[in-house]
Amino acid sequence: MNPAKKFKGKHLQTKSAQSNRQWQVTDLVQPQFNSKYSTEEFLRAAADAWSLTEKQDKQVQIAETKCLVYKYPFNCCQLRNFVDDDSFLHQLKHELLSLNFHEKSNDLYKFHQSQDLKKVTTAAVSALKKFLYSDFRQWLIQVTGIELNSTVDMSCARYNHTDVLLCHDDELEGRRIAYILYLVDEDWTSADGGNLDLYTVDERKQPDRIVTSLVPVWNSLAFFSVTPTSFHQVSEILAASSNKCRLSVSGWFHGKPFKRPPTYIEPVKYLSKPEDMDEDDFYTWISPAYLDPSTQGDVQSTFSDKSEIQLQEFIQPDKYGQLCEALHSLQASDWITQGPANKRNYECSESTSLVVLNEARKFFHSEAFFLVLSNLTGLKLHRLASTPSSSENESSSDEKPSNGTSKSKKGSSSDIDPCCRLQVSRWQTGCYTMLSDEDAHGSEYALDVWFFLSADHWQLPHGGQVSYIARGEDEELLTICPSNNCLALVYRDQDTMRFVKHINSLSGDLKHFTINGVYYDRPPNRE
Ligand SMILES: O=C(O)CCC(=O)C(=O)O
Ligand SMILES: [Fe+2]
């Protein structure tokens, strides 16, 4: 085939003529593919660049055109000046912006998506579909050598200030080539954000570092082949003006599905057993209110109804103040980024250089804390805990129920082997976690513990809230917002999953911290 022949469509009309006639004269609305991209010479050079396996050239410019083939970290082609006369795109944009958009927001993304373009029959949208599904598909087959069938997905995305699409690989049965036609404002610059960022992978084939960033450009189309390692993201939109948006039409060309490598399973994380802590030291930490049996009873009864509770002013104010100060004083090198980016991005510190931080860790790991947790929740996280079933026939005790050593033994201790996994984390702009099962495998139930510090001025629009949802559903069961000196307890089963919403640039240079973890009555059995 000589594609040049195929692309000789009718020329576009002037903008004013179009806007008068756009709804009636569909056959005059045609994307006219940049004629430079359909010559024999171009096709040969593009196919050669695509199939190059040596990656010493980070990018290859094809035959002095505005086509760049990025070779690193994976093949990704950007066709600038995609159509010769961009008045077609102005009309397309106008049609798209008049569609109904709905907000999409979950652990992975926040943006607006249009109604399904399959059902849209306006002139420019129809013409674009016709072009992409036929001539352009043939062109892609020629350049990439990838066999494509007639299935093509297409939708329209609108990203506004603070919107984002975090790291993912696009893999889904049959998807072979991802494409994005950018309809951003013509003055869009890298300062407006919304880059298409491409990640390298590490030795486990998990996303590692962003090494190539494509700034979206008006009248450009980017495409790349979808593979188990085609990790990419749309970085946060920084353009704050309400009439500046990153509009795009994107989707996938399909072909024969290929065999994928098994999904990577993360190593099991270390679980610790409760530790001894001096009773007097323990009392210097916890707010006395939470040792009071009647408060504990009230908390327990709310918790057993709702499976969650947030306890304000949980530790004593002086310890809270010292701990915040200590966390802020840690060096940059004390914080270790947690990845991979398709699962999480935040920092943890294991620094033992600060006494108060060491003491705090000891407090949250202590036998006494396990017992207090038991008393607050009714869960049996300590062999001395009085659970509702074990205490039915016993009168309630008036003694301080905080420290196991001063309490009489109740219930059976043989069936529990309590343990926890705790971390000290720092959260700031760009941090998030995605839905994951990591702590649910092999364990039916777990108690999540979140202790928030230094969350002054934190607001919901910043992101950073912890969301719980039922597996496979979108609806949020519970949202917890960071709040100073607050201990949030959530009892979840293996079908309840959580994520921390992406923290966006509205949070400025705020940083907050958590001491967060999971408590089990026995170690989960992991296969
Ligand atoms: O808009 C882009 O640049 C990329 C979009 C994308 O990755 C997707 O929709 O899966
Ligand atoms: Fe994608």
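Cut-off values and rules
- Residues numbered from 1 in each chain as written.
- Chains lettered and ligands numbered in written order.
- Predicted model: local features only at pLDDT ≥ 70, side-chain atom pairs only at ≥ 80, totals over all residues.
- Heavy atoms only, no water.
- Helix = DSSP H or I, 4+ residues; strand = E, 2+ residues; numbered from the N terminus.
- Buried < 20%, exposed > 50% of the residue type's maximum accessible area, 1.4 Å probe, protein only.
- Contact = heavy atoms within 4.5 Å.
- Areas by Shrake-Rupley, 256 points an atom, 1.4 Å probe, with all protein chains shown as cover.
- Pairing = 2+ DSSP bridges.
- 1 Å grid on protein atoms, 1.4 Å probe; cavity = no way out; pocket = protein on both sides within 12 Å on 5 of 7 lines; lining within 4 Å.
- Points joined across faces, edges and corners; volume = space filled by probe spheres on them.
- Nonpolar A, V, L, I, M, F, W, Y, C, P; charged D, E, K, R; others polar.
- Axes fitted to C-alpha atoms, helices over the stretch in contact; angles between N-to-C directions.
- Near = heavy atom within 4 Å.
- Polar contact = N/O pair within 3.5 Å; in protein donor to acceptor, adjacent residues only side chain to side chain.
- Salt bridge = Lys/Arg side-chain N within 4 Å of Asp/Glu carboxyl O.
- Donors = N, O, S within 2.8 Å, 3.2 Å for Na, K, Ca; no water.
- Core = buried A, V, L, I, M, F, W, Y, C linked by side-chain atoms within 4.5 Å.
- Patch = residues over 30% accessible without salt bridge, like charges linked within 9 Å, V, L, I, M, F, W, Y side chains within 5 Å.
- Lys, Arg positive; Asp, Glu negative; His and termini not counted.
- Charge placed at Lys NZ, Arg CZ, Asp CG, Glu CD.
- pLDDT = per-residue confidence, 0-100.
- Phe/Tyr/Trp six-rings, centres within 6.5 Å; stacked < 30°, edge-to-face > 60°.
- Lys NZ or Arg CZ within 6 Å of the ring centre and 35° of its normal.
- Left-handed = near helix turned anticlockwise from the far one by under 90°.
- Parallel < 35°, antiparallel > 145°, perpendicular 65-115°, else oblique.

Focus on the overall build of the protein chain
- Along its length, the protein chain carries ten helices and 25 strands.
- Taking all 527 residues of the protein chain together, 55% fall into the buried category.
- Within the protein chain, contacts between residues at least 6 apart in sequence are counted, and of these 78% link residues at least 24 apart.
- Carbon and sulfur atoms provide 47% of the accessible area of the protein chain, an area that totals close to 23900 Å².

Some words on the pairing of strand β2 (residues 67–70)
- By the alternation rule, side chains of β2 split into Cys 67 and Val 69 and Leu 68 and Tyr 70, which are all buried.
- The pairing of β2 with strand β3 (residues 76–79) spans four bridges and is classified as antiparallel. Paired with Cys 67 across the bridge in β3 is Leu 79.
- Between β2 and β3, which pair antiparallel and follow one another directly, the connecting turn spans five residues.

Overview of the layout of surface pockets
- One number sums up the size of the second largest pocket: a volume of about 600 Å³.
- Looking at the second largest pocket, it is lined by 29 residues, and the ones nearest its centre are Gln 113, Ser 155, Leu 165, Ser 250 and Trp 252.
- Counting residues per element, the ones that place at least two in the lining of the second largest pocket are β5 (109–114), β7 (155–159), β8 (164–168), β9 (175–182), β13 (232–234) and β14 (246–255).
- A breakdown of the residues in the lining of the second largest pocket according to their chemical character gives 15 nonpolar, seven polar and seven charged.

Observations concerning the sheet that holds strand β22 (residues 476–480)
- Taken in spatial order, the three strands make up an open sheet running β22-β21-β24, and their pairing is antiparallel. With partners counted over all chains shown, the strands left at the sheet margins are β22 and β24 (496–500), one partner each. Averaged over all adjacent pairs, the angle separating strand axes in this sheet is 20 degrees, with direction ignored.
- For strand β21 (residues 466–470) and β22, the ladder comprises four bridges, and the chain directions are antiparallel. When the bridges of β22 are listed, Ser 467 appears paired with Thr 479.

Here we look at the site of ligand 1
- Around ligand 1, the neighbouring residues are Leu 165, His 168, Asp 170, Ile 180, Tyr 182, Leu 196, His 232, Val 234, Arg 246 and Trp 252.
- Contact between ligand 1 and Tyr 182: an oxygen atom at 2.6 Å from a side-chain N or O atom of the residue.
- A distance of 2.9 Å separates an oxygen atom of ligand 1 from a polar side-chain atom of His 232.
- Those elements giving two or more residues to the shell around ligand 1 turn out to be β8, β9, β13 and β14.

With respect to the pattern of salt bridges
- Under the defined criterion, the tally for this structure stands at 18 salt bridges.
- Across the salt bridge formed by Glu 347 and Arg 426, the nearest N and O atoms sit 2.8 Å from each other. Taken together, the residues span a long stretch of sequence, with Glu 347 in strand β17 (residues 344–349) and Arg 426 in strand β18 (residues 419–427) at a distance of 79 residues. There is no split in this pair, since Glu 347 and Arg 426 are both buried.
- The partner of Arg 498 in a salt bridge is Asp 448, with the nearest N and O atoms 2.7 Å apart. Here Arg 498 is found in strand β24, whereas its partner Asp 448 is found in strand β20 (residues 445–453), with 50 residues between them in sequence.

Describing the coordination of the iron ion (ligand 2)
- For the iron ion (ligand 2), the full set of protein donor atoms is His 168 (NE2), Asp 170 (OD) and His 232 (NE2), at a range of 2.1 to 2.2 Å.
- Ordering the donors of the iron ion (ligand 2) by residue number gives the pattern H-x1-D-x61-H. Taken as a pair, Asp 170 in the loop between β8 and β9 and His 232 in strand β13 lie far apart in primary sequence, 62 residues in all.
- Asp 170 sits in the buried class, given a relative accessible area of 9%.
- The exposure class of His 232 is buried, given its relative accessible area of 4%.

Let's talk about the nonpolar core
- Within the largest apolar cluster, 61 residues are counted, with the highest numbers of intra-cluster contacts made by Leu 79, Phe 136 and Trp 139.
- No other element matches the eleven residues that helix α5 (residues 123–144) contributes to this core.
- What Leu 79 contacts, discounting residues up to four positions off in sequence, is Tyr 37, Phe 42, Lys 66, Cys 67, Phe 136, Trp 139, Asn 219, Ser 220, Leu 221 and Phe 223.
- Judged by nonpolar contacts, the second largest core, of 45 residues, contains Ile 309, Leu 330, Cys 420 and Leu 422.

Examining a negative patch on the surface
- A cluster of like negative charges, contributed by Glu 473, Asp 474, Glu 475 and Glu 476, occupies part of the molecular surface.
- With respect to the helices and strands, Asp 474 occurs in the loop between β21 and β22.

Re the confidence of the model for the protein chain
- Confidence in the prediction for the protein chain averages 89 pLDDT; 87% of positions are at 70 or higher.
- For the stretch residues 1–27, pLDDT sits under 50, and the model shows 47 contacts to residues farther than four places along the chain or on other chains.

Some words on the packing of aromatic side chains
- Tallied over the full model, the rule gives 33 aromatic pairs.
- Taken together through their ring pairs, the aromatic side chains of Phe 33, Tyr 37, Phe 42, Trp 50, Phe 82, Phe 131, Phe 136, Trp 139, Tyr 179, Phe 223 and Phe 253 make up a single cluster.
- Of note, Arg 158 hangs over the ring of Phe 101, and the distance from its end group to the ring centre comes to 5.0 Å.
- The side chain of Arg 175 reaches across the aromatic face of Trp 252, ending 3.4 Å from its centre.

With respect to the packing of helix α4 (residues 87–97) against α5
- The contact between α4 and α5 brings their axes to 8 Å, and the two run at 115 degrees. The chirality of how α4 crosses α5 is left-handed. Of the residues in α5, those in contact with Phe 88, Gln 91, Leu 92, Glu 95 and Leu 96 of α4 are Ala 123, Ala 124, Val 125, Ala 127 and Leu 128.
- A per-class count over the contact of α4 with α5 returns eight nonpolar, one polar and one charged.

Examining the environment of Val 29
- Considering the arrangement of structural elements, one finds Val 29 in the loop between α2 (15–21) and α3 (40–51).
- On the basis of relative accessibility, which here comes to 5%, the residue Val 29 falls in the buried class.
- Distance from Val 29 to Ala 124, taken between C-alpha atoms, is 6.0 Å for residues 95 residues apart in sequence.

A short note on the packing of α3 against α5
- Interaxial distance between α3 and α5 falls to 7 Å at its minimum, and their mutual angle equals 55 degrees. Compared by their axis directions, α3 and α5 come out oblique. Two secondary-structure elements touch here, α3 through Phe 42, Leu 43, Ala 46, Ala 47 and Trp 50 and α5 through Trp 139, Gln 142, Val 143 and Thr 144.
- Taken together, the residues of the contact of α3 with α5 sort by class into seven nonpolar, two polar and no charged.

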